[in-house]
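Here is how the chains run, residue by residue.
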Amino acid sequence: METQKLSQKLTCRLTFYVHQCHYFFAEYFWKRWHMTNKHRFIISFLIGLQVLSVSVAEPLVIPDPTNYPSLSTKKMGHVRHMINLAKQLDGDFSMMGETDPVYFMSFHAYQFQIAFAQYALASTHYHYTPAHRDLYQKASARLIQRMIYKDVWDYWAHVSKFDLTNRTEIEAGLEEMTTYTEDDWYGWIDPNIKKNIMYSGHLLQMVGLHQNLFDDDRYDEPGSLTFRFAPIEYGQGPIEMKYDSHRLAKVIYDQFEEDHFRGIECERNAVYAECNQHPILGLMSYDLKNGTNLSVKVRKEFKKVMRKRKYINPETNTTMYFLKVKEDEVVPATYAWADGWNGHAQYVWDKEYIKSIYPDQKKRYFPSMLRGWPFENMGWGVSFDFGFFALLASEVGDTETVQTMVDYADEHFEPTWKDGGYYYPHTRFYVYNFFRDWLGYIHNVGPLTGNVLVGFASINPIDGLWKIYNQPRGKSHFAEPFITDVEYLEASVTQAVYDGDKDALTVTLVPGPVESEATSFTVRQLDPEKTYALVRDGQVLGEVNKKTSLALPSTKWQADGSLVISTRLTEPQSFILKAMAATLAAR
């Protein structure tokens, strides 16, 4: 009887420890026991059978977390700052600067900060945490909700009164605006129906990214994007303009077609190349989800116009300022912000062309933008020049330039930690002070660059946006194991990746801004038929299996099949759930 128990124990344990102990047990039985021939036969048979099973069952190979992308402390700080902005209450735009919608709207406007924050978080989720959806999905939806809040878009009722294309630069890099006439007395309320692609194009891109990254159809519902304008007269209710992803895509596509693909106006009478890139990316997402081909024609025809009208000057490889629509006149320019803004987005659908002109653009602007004469007037675009060119450099994979610019920002832009977020506060007089400091360094940091663009550039890897659009994850991705329910204040997830080839989920947590003795996260969509080895910081803690209710002291199976993992988190920890190969004992 005792021999039978030992034999059973040997059979089970050899599955996992066969290489370490099967010869030990054999020697133990042969030398320490005075066994009969029958016993020797049983042990020899079991050992031989177990060795045979080794050739059938794969050995446990634990993936190395360092083989997967992971967010550094500062990159995670940038992510947290953008999520913090998303979590602000409606009407709270603290840290986002000032916007005056009465006569003019600059690139610092809320809509650009909100939109580019969503793009940055999309890149983060796709490349670093594809197995951690809920945090990013909620932040994305919240940013879209903020985007349709009236304080973000009701500037259009005022800006639509003006034809601003005759503005001229005056002293100190400022611009003088053209006064509107009686014909322009009443502005347009609906921010999407015509022109204003500087808003609607971003909204379409945001909605498309959200739908495809999170397999979320909420914006297909009629009225899911509803805009409410204040009552015109006392006693009336607000004016409502109802949109959804389908109507928004159609309105934008029709405008491209109506004007023969010259581009859709931002301000009245002004087409900017960079602003028309965002609706193209939005239409690409729409096509992917709905099986249409709207973006195919737009890309083809818009590229023809860009070449013919020299939206990007072939001699200088610089992007135009804008096209005067009524005059059909291209206004040339040499701005790093225009090249960076247009280039990082056009790269998604015109990769080789943007790569070919990038070296000339870099030579023109970098590193000369970083330092010059003390108190030099760098012009109104200085902050945008820095932020957008850094973003372009990240997308084309110029990691050396990106690192140089991020290091420069860390040294000169007064980086700040707030509520777990890392950002560069806008300088006090960023609206009109464009002069270098007394040592010749940039002394103008606007909210778009400080809140979003530098962080976006540091996070975004080579082909960061290109891969999102050209290598989208299929439906099978949403059936893979993933994590949820991470306490945002207690822990940050710096990587969360499911590797299908290895059938392993890798998750790395670091302490959050609020200290806690213990925290937890939930793993969903584990295969109940499989046994998983749970590994923490390279140490195998044991095995878990839903079907057999096999668990560990730090784990708990839920009724819905999810697994809650608890841990003390005083320093970074990596967890791996690795599916174990079927063994003879398990069969």
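Residues numbered from 1 in each chain as written. Predicted model: local features only at pLDDT ≥ 70, side-chain atom pairs only at ≥ 80, totals over all residues. Heavy atoms only, no water.

**A short note on the overall build of the protein**
Part 1 of the reasoning: If you tally the helices and strands in the protein, you get 17 helices and 18 strands.
Part 2 of the reasoning: Per-residue burial for the protein yields a buried fraction of 54% across its 587 residues.
Part 3 of the reasoning: Relative to all contacts within the protein whose residues are 6 or more apart in sequence, the contacts with residues 24 or more apart total 71%. (Helix = DSSP H or I, 4+ residues; strand = E, 2+ residues; numbered from the N terminus. Buried < 20%, exposed > 50% of the residue type's maximum accessible area, 1.4 Å probe, protein only. Contact = heavy atoms within 4.5 Å.)

**What about the packing of aromatic side chains?**
Part 1 of the reasoning: Per the counting criterion, the structure on display carries 40 aromatic pairs.
Part 2 of the reasoning: Between Tyr358 and Phe389 the ring centres are 5.8 Å apart and the planes differ by 15 degrees, which places this aromatic pair in the stacked class. Taken as a pair, Tyr358 in helix 13 (residues 351-365) and Phe389 in helix 14 (residues 382-396) lie far apart in primary sequence, 31 residues in all. As far as burial versus exposure is concerned, Tyr358 and Phe389 are alike and both buried.
Part 3 of the reasoning: In this structure, Lys87 packs its charged tip against the face of Tyr488, placed 5.0 Å from the ring centre.
Part 4 of the reasoning: Positioned above the aromatic ring of Tyr126, the side-chain terminus of Arg473 is 4.0 Å from the ring centre. (Phe/Tyr/Trp six-rings, centres within 6.5 Å; stacked < 30°, edge-to-face > 60°. Lys NZ or Arg CZ within 6 Å of the ring centre and 35° of its normal.)

**A look at the sheet that holds strand 16 (residues 555-557)**
Part 1 of the reasoning: Taken in spatial order, the four strands make up an open sheet running 10-13-17-16, and their pairing is antiparallel. One side of each edge strand has no neighbouring strand; the edge strands of this open sheet are strand 10 (482-484) and strand 16. Between one strand and the next, the sheet's axes are offset by a mean angle of 30 degrees, whatever the strand orientation.
Part 2 of the reasoning: With three bridges connecting them, strand 10 and strand 13 (residues 519-524) associate as antiparallel partners. Paired with Phe482 across the bridge in strand 13 is Arg524. (Pairing = 2+ DSSP bridges. Axes fitted to C-alpha atoms, helices over the stretch in contact; angles between N-to-C directions.)

**Some remarks on helix 14**
Part 1 of the reasoning: The terminal C-alpha atoms of helix 14 lie 22 Å apart, and with 15 residues this matches the ideal 21 Å at 1.5 Å per residue to within 8%.
Part 2 of the reasoning: By the criterion of burial, helix 14 is predominantly enclosed, with 15 of the 15 residues buried.
Part 3 of the reasoning: Of the residues trailing helix 14, Gly397 is marked for its positive phi of about 90 degrees. (Expected span 1.5 Å × (residues − 1).)

**Regarding the sheet that holds strand 5 (residues 270-271)**
Part 1 of the reasoning: Reading across the sheet, the three strands line up as 5-6-7 and stay open at both edges, with antiparallel pairing between neighbours. On the outer flanks of this sheet lie strand 5 and strand 7 (329-331), each paired with one strand and no other.
Part 2 of the reasoning: Bridging between strand 5 and strand 6 (residues 322-324) involves two bridges; their strand directions are antiparallel. Among the inter-strand pairings, Val271 is bridged to a residue of strand 6, identified as Leu323.

**Observations regarding the packing of helix 9 (residues 245-258) against helix 10 (residues 273-290)**
Part 1 of the reasoning: Contact pair helix 9 / helix 10: the axes reach a minimum separation of 10 Å and the direction vectors enclose 130 degrees. Classed by the angle they form, the pair helix 9 and helix 10 counts as oblique. Between helix 9 and helix 10 the crossing geometry is left-handed. Here Ser245, His246, Ala249, Ile252 and Phe256 of helix 9 come into contact with helix 10, specifically with Asn276, Pro279, Ile280, Leu283, Tyr286 and Asn290.
Part 2 of the reasoning: Its residues assigned to classes, the contact of helix 9 with helix 10 comprises seven nonpolar, four polar and no charged. (Parallel < 35°, antiparallel > 145°, perpendicular 65-115°, else oblique. Left-handed = near helix turned anticlockwise from the far one by under 90°. Nonpolar A, V, L, I, M, F, W, Y, C, P; charged D, E, K, R; others polar.)

**Brief notes about the pairing of strand 14 (residues 532-536)**
Part 1 of the reasoning: For strand 14, the tally of buried residues reaches four of five residues, placing the bulk of the element in the interior.
Part 2 of the reasoning: From the end of strand 14 to the start of strand 15 (residues 539-544), which pair antiparallel, there are two residues, and Asp537 there has a positive phi angle of about 50 degrees.

**A look at the nonpolar core**
Part 1 of the reasoning: Counting 137 residues, the largest nonpolar core has Phe116, Trp337 and Phe386 as its most contacted members.
Part 2 of the reasoning: Once you skip the residues sitting within four places of it in the chain, Phe116 turns out to touch His202, His278, Trp341, His344, Phe388, Leu391, Leu448, Val452, Leu453 and Phe456.
Part 3 of the reasoning: Grouped together as the second largest cluster of nonpolar side chains are 25 residues, Phe482, Ala491, Val523 and Phe575 included. (Core = buried A, V, L, I, M, F, W, Y, C linked by side-chain atoms within 4.5 Å.)

**Details of helix 15 (residues 399-412)**
Part 1 of the reasoning: For helix 15, spanning 14 residues, the distance from its first C-alpha to its last is 20 Å, which sits close to the expected 20 Å at 1.5 Å a residue.
Part 2 of the reasoning: The set of residues buried in helix 15 consists of Thr401, Val402, Met405, Val406, Tyr408, Ala409 and Asp410.
Part 3 of the reasoning: Two residues or fewer past helix 15, Glu414 is found with a positive phi of approximately 50 degrees.

**Some details on the environment of Asn212**
Part 1 of the reasoning: Within the element layout of this structure, Asn212 appears in helix 8 (residues 197-214).
Part 2 of the reasoning: Accessibility expressed as a relative area gives 22% for Asn212, which makes it partly exposed.
Part 3 of the reasoning: Sequence separation of Asn212 and Arg473 is 261 residues, and the distance between their C-alpha atoms is 8.2 Å.
Part 4 of the reasoning: Dropping the residues within four chain positions of it, Asn212 is found in contact with Ser285, Leu288, Lys289 and Phe478.

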